[in-house]
Amino acid sequence: MTDSSIEFGETENQLMISEMIRNFGKREIAPYMMEWDEKQIFPIDLFHKMGELGLMGLLVPEQYGGSGMGYLEYVTALLEVSKIDGSIGLSLAAHNSLCTNHILSFGSEEIKDRYLPMLASGKWIGAWGLTEPNTGSDAANMQTVARKDGTDYILNGTKNFITHGKSGHVAVVIARTGQKGDSHGMTAFVVEKGTPGFTAGKKENKLGMRASETAEMIFQDCRIPSPQMLGEEGEGFIQSLKVLDGGRISIAALSLGIATGAFEAALKYSKERHQFDRPISSFQGISFKLADMATKIEAAKLLTFRAADMKNRGLAVSRESAMAKFYASETAVSVANDCVQIFGGYGYIKDFPAEKYYRDAKLCTIGEGTSEIQKIVIARSVLK
Ligand SMILES: Cc1cc2nc3c(=O)[nH]c(=O)nc-3n(C[C@H](O)[C@H](O)[C@H](O)COP(=O)(O)OP(=O)(O)OC[C@H]3O[C@@H](n4cnc5c(N)ncnc54)[C@H](O)[C@@H]3O)c2cc1C
């Protein structure tokens, strides 16, 4: 790169995090991940261990027990984890940048003191509930309501597709306190597991990301005292959009990790696999695929680290995080597809890594706003 304004040399912290995760992943993730995938096991002990390494509170300041790092380190950590197993990356992203970051950004001092040390240490797992069965992209039309009753709020409704909806110890939940469709008619609350009226519903059986738990959260006359509110009444949806600006950088990093893992596997295999007495990498049809994959990954990396760098500097990143998320997730899908193709028949069977990258990658174009929704955000900014 020649333009120093977009030079992202790796910091010592980034190099240290990458090496630590590679070693940890070799020992604690790689040997078990296919079993977790096959049986849809959410390996909660692994997240406690990642907490001990500081990975569960990467963006949380040290005063609340976190690692006090920035977005460049956060992206690096997610990328390295997701190179090994995307589903662990997805859970790490949901815990750090959705639940924990919402509390960090908008919680009162009392709330931050109570929850951040538990979340940052990985003793507690966090969930974040915006999506509902009938409102995904159109989240502002949510049906879950929080009715004021004295100084409390009574929650009723169902959130679905929630990462850690069942195993999460604490959840940030966004519910309607005003009119449908009013962006100032929703409020965010912190709800602890075990609160009467709060139960987990169905755990989803998924195509990919199978070690990351996805489940319903059900609220039936669930009484929440008002100090559990994040910020002011009516701010929940606007807060969520800000949380998602950061969250989308994490899904871009997750996508980048899956794409890089798939590329590295395909590159290695293409040099080892011989057909017609030559390594398949010597065929132009294969080498051009590798060239496309490598170029798309580099472009996705630049978009992702640029958004992370801007976020670190406190700049508005709606457009940049949408671009990074959109491009990196589509890249993950296309690179994983090429990876399966390069592995041929072996790409289709579970003894080789290609099929898992392929299944895991698809979520990246859907979660935290589909590719179509990212294009709406980008188009709005382009047409402004
Ligand atoms: C594994 C997994 C984990 C998840 N984790 C969480 C979580 O932790 N917390 C949470 O709150 N949610 C979570 N989600 C939900 C996720 O964010 C939603 O699935 C996503 O936002 C899409 O919503 P939907 O599924 O209702 O699709 P829909 O909104 O019904 O969209 C269906 C299709 O219509 C398209 N579409 C919709 N509106 C438009 C439009 N205006 N213009 C063009 N096309 C449009 C979409 O792009 C998509 O292709 C998770 C989902 C999955 C699968």
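Residues numbered from 1 in each chain as written. Predicted model: local features only at pLDDT ≥ 70, side-chain atom pairs only at ≥ 80, totals over all residues. Heavy atoms only, no water.

Draft legend 1. Representation of the side chain of Glu-28 in the model. Its location among the elements puts Glu-28 in helix 1 (residues 12–28). Side chain to side chain, Glu-28 and Lys-49 meet in a polar contact 2.9 Å long. Beyond its immediate chain neighbours, meaning those up to four positions away, Glu-28 contacts Trp-36, Leu-46 and Lys-49. (Helix = DSSP H or I, 4+ residues; strand = E, 2+ residues; numbered from the N terminus. Polar contact = N/O pair within 3.5 Å; in protein donor to acceptor, adjacent residues only side chain to side chain. Contact = heavy atoms within 4.5 Å.)

Draft legend 2. Main features of the environment of His-48. Tracing the backbone through its elements, the reader meets His-48 in helix 3 (residues 44–52). Between the C-alpha atoms of His-48 and Ala-94, which are 46 residues apart in sequence, the distance is 15 Å. A distance of 2.6 Å separates a polar side-chain atom of His-48 from the backbone oxygen of Gly-122.

Draft legend 3. How the structure looks around the nonpolar core. Formed by 68 residues in total, the largest nonpolar core has its most connected members in Ile-29, Leu-46, Phe-47, Met-50, Ile-88, Met-293 and Ile-342. When residues in this core are grouped by element, the largest group, 13 residues, is from helix 7 (residues 236–272). Setting aside residues no more than four positions away along its own chain, Ile-342 makes contact with Ala-266, Tyr-269, Ser-270, Ile-280, Ile-286, Lys-289, Leu-290 and Met-293. In terms of nonpolar packing, the next biggest core, distinct from the first, is built from 27 residues, Ile-103, Tyr-115, Leu-116 and Met-186 among them. (Core = buried A, V, L, I, M, F, W, Y, C linked by side-chain atoms within 4.5 Å. Buried < 20%, exposed > 50% of the residue type's maximum accessible area, 1.4 Å probe, protein only.)

Draft legend 4. Local environment of the packing of aromatic side chains. Counted by the stated rule, this structure contains eleven aromatic pairs. Centroid distance Tyr-71 to Tyr-74: 5.8 Å. Interplanar angle 90 degrees. Geometry classified as edge-to-face. Taken together, the positions of Tyr-71 and Tyr-74, both in helix 4 (residues 71–84) and three residues apart, correspond to about one turn of that helix. Its relative accessible area of 7% is what places Tyr-71 among the buried residues. Centre to centre, the rings of Tyr-153 and Phe-189 are 5.0 Å apart; their planes meet at 55 degrees, and the pair counts as tilted. (Phe/Tyr/Trp six-rings, centres within 6.5 Å; stacked < 30°, edge-to-face > 60°.)

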